[in-house]
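# Inside the fold
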Amino acid sequence: MPTPPAASSACPASDLTDPWLRGVAANPGAPAEVLLRLLDPAAGAARQLLCEERSLPDEVVDALLVHPEAKVRRSLARNPHVSPVHRGRLAEDPDVVVRSGVVFGPRPRQPCPLPDDVLVTTLTTEYPGEPQLLMFGEMAQELIASHQMPPSFQYRMRVHANPVLRGLATGVWHRLTAEERQALLTDPDPDIRKSAEFFVGQADPAGPGAVFPGPGHYRWLVLGSYALSDAVLEKALSDAEFRWSVAGNPYAPPHAVARLARDADPEVRERVAARADLDPAVWAELAEDSHERVRTRARIQPLPRTQAECRAVDHETGEGAHDCLCPILEPHTEPEPDWYRACAESGEVMLRLAAAKCPTLPADLVARLAQDPHEEVRHRLASWHPLAPAETVLAAFVARPRQRPHLLMQSRLPRTGLSRLLDHQDPEVRALAAADPTLRQPPVELLTDPDDRVRRAAAANPRFTGDALEALLHDPATAEGAAANPGLPAARLHALLDLAGLPR
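A brief look at the structure comes next.

The rules behind each value
Numbering of residues starts from 1 in each chain and follows the order in which that chain's sequence is written. Only residues with pLDDT of at least 70 get local features here, since the model is predicted, and only at 80 or more are side-chain atom pairs given and counted; chain-wide, interface and lining totals rely on the full set of residues. Side-chain measures were taken over the full set of non-hydrogen atoms in the model, leaving aside hydrogen atoms and water. Each pair of aromatic rings taken from Phe, Tyr and Trp, with Trp reduced to its six-membered ring, is defined by centres within 6.5 Å and is described as stacked if the planes are under 30 degrees apart, edge-to-face if over 60, and tilted in the remaining cases. Strands are runs of DSSP state E lasting at least 2 residues, helices are runs of H or I lasting at least 4, and numbering of each runs from the N terminus. When accessible area is computed with a 1.4 Å probe and restricted to protein chains, residues below 20% of their type maximum are described as buried, those above 50% as exposed, and intermediate ones as partly exposed. We call a charge positioned over a ring when the NZ of a Lys or the CZ of an Arg lies within 6 Å of the ring centre and within 35 degrees of the ring normal. Any two residues whose heavy atoms approach within 4.5 Å are treated as being in contact. Salt-bridge detection follows one rule: a side-chain nitrogen of Lys or Arg within 4 Å of a carboxyl oxygen of Asp or Glu. Only four residue types enter the charge count: Lys and Arg as positive, Asp and Glu as negative, with His and the chain ends excluded. For the purposes of these results, a polar contact is taken to be a pair of N or O atoms within 3.5 Å, where, inside protein, one atom must be able to donate a hydrogen and its partner to accept one; residues adjacent in sequence count only when each atom of the pair is a side-chain atom.

## Here's the deal with the packing of aromatic side chains
Applying the stated criterion across every chain yields a total of 6 aromatic pairs. Arranged with centres 5.5 Å apart and planes meeting at 10°, the rings of W173 and F199 form a pair that is stacked. Of this pair, W173 sits in the loop between α11 (163-166) and α12 (178-185) while F199 is found in helix α13 (residues 190-202), placing the two residues 26 residues apart along the sequence. Both rings, one in W339 and one in Y340, keep their centres 5.1 Å apart while their planes meet at 70°; by these two values the pair is edge-to-face. The burial state of W339 is the same as that of Y340; both residues are buried. Grouped by ring-pair contacts, the aromatic residues W173, F198, F199 and Y226 constitute a single cluster. Between K235 and the ring centre of F212, over which it is positioned, the NZ or CZ distance is 4.3 Å.

Below, the structure written as structure tokens:
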């Protein structure tokens, strides 16, 4: 085995305490009895790393759930590697800060909904005499934003005995049947009736859209989302500043849509071309538009098409769509699975992009998209489909830095066979390759890499053993990575913690 470079200078064990502790906390081979010692306050920053940034044995999880320090329990609540079932056990924690950690969810966010009973407990349990950090509405919004409350839960709550939960169903108003909407409109609880009436009023030209809104965010909300009175509509259409908003308004009448389809601004026409309710004659006109983006947006979705199908395609046409980390967790309305399958076989790249994010796309079409000639289709598939081939996932990791935190959480990302990436120009890619346990030789050349992440990953490679690994443990540049090496036996890990002064 090649010998690692000599340590740059002698370093007392006391100066290596913190790197050793951090390394042991991250060590994937450390047994539970070693990790439990790191729960001592003397472990410092290593304790937070242990609690919040790695997967944990059940024995350690059980200890963290009852740890006397609230900040430790809150770290567990934010750990993306811990299952929703385990994190959900903190929903009834006596400390409000810990419970808020459950609400805000893990970082990086992962599409892992909490169990229904945990969501019910989180949203309904009251703690008299204790200050609230989040009101009910704020909790609901955070749970939705963190992907922990799926739309299907809101829908299931429409018949719940608790009115606080029943009112959540108005948040999926578009999914409700006429009978279900009517039940909410006549609900015994006045707050639920008021929430339901809001959505009815949104579709009523005599409602909030009857008066031209003043400046600010509310103006754009009304012009783009509410049914407008004839006077407000005419005023908006007569001003170029407002026509783009009206072009996307789902309540815009056909005569206004036809007028906007001939607007001088191609961005307005493009937005009209994305509507689901186009008259065939208007669609045909836009499909022959002088502007390429307008023509393309119309042609890629011939009529008939649904609003949900249009939204799915629009998601792929916005700026920065290739860096989007928004998974489709559970499509609770259209598009139907058959639509996604047709998209996967389409000649239009935007439709294939939409299909690549459908988690229920069958294996044969996943294989097809994994060979797609358009790079972005392959990367999108890699990020979101559970059947994406390993090489496709690895290619996305290399090419898409912003998606790496998400991809590193996936078992689909290859951790072996990466020797060809050892000299990659990107240090995050070199670090992934440096950790490959199947390398023919230990990655000695990376122990002096200018990036500390690469040095840590190289030193943690299990190809280093014996005296070579001991040398790395006593070099300040590699001590943390060496302490994270899964080849270190439990007795040696305990000895490092002894040197750091942690009690047994």
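## Notes on the environment of R404
Positionally, R404 belongs in helix α27 (residues 404-407). Taking the C-alpha atoms as reference, R404 lies 9.2 Å from S383; in sequence the two are 21 residues apart. Not counting the four nearest positions on each side in its chain, R404 is found in contact with F397, V398, D426, E428 and V429.

## Some remarks on the pattern of salt bridges
If you walk through the whole model with that rule in mind, you get 31 salt bridges. Put simply, D187 and R166 hold a salt bridge, and the shortest N to O gap is 2.7 Å. Of this pair, D187 sits in the loop between α12 and α13 while R166 sits in helix α11, placing them 21 residues apart in sequence. Each of R404, D426, E428, D451 and R453 takes part in salt bridges that share partners, so that together they form one network.

## Description of helix α21 (residues 307-317)
Those residues of α21 not exposed but buried are A308, E309, C310, A312, V313 and E316. Looking at the buried residues of α21, the elements they touch are α20 (292-299), α22 (337-344), α23 (349-356) and α25 (375-384).

## Observations concerning the side chain of R305
Residue position: R305 is located in the loop between α20 and α21. Although R305 is buried, it forms no salt bridge, and the closest oppositely charged side chain is E309 at an N-O distance of 7.3 Å. Here Q301 takes part through its backbone oxygen, which lies 2.8 Å from a polar atom of the side chain of R305. Not counting residues up to four positions away in its chain, the partners in contact with R305 are A273, A274, R275, A276, L278, W283, R297, A298 and C310.

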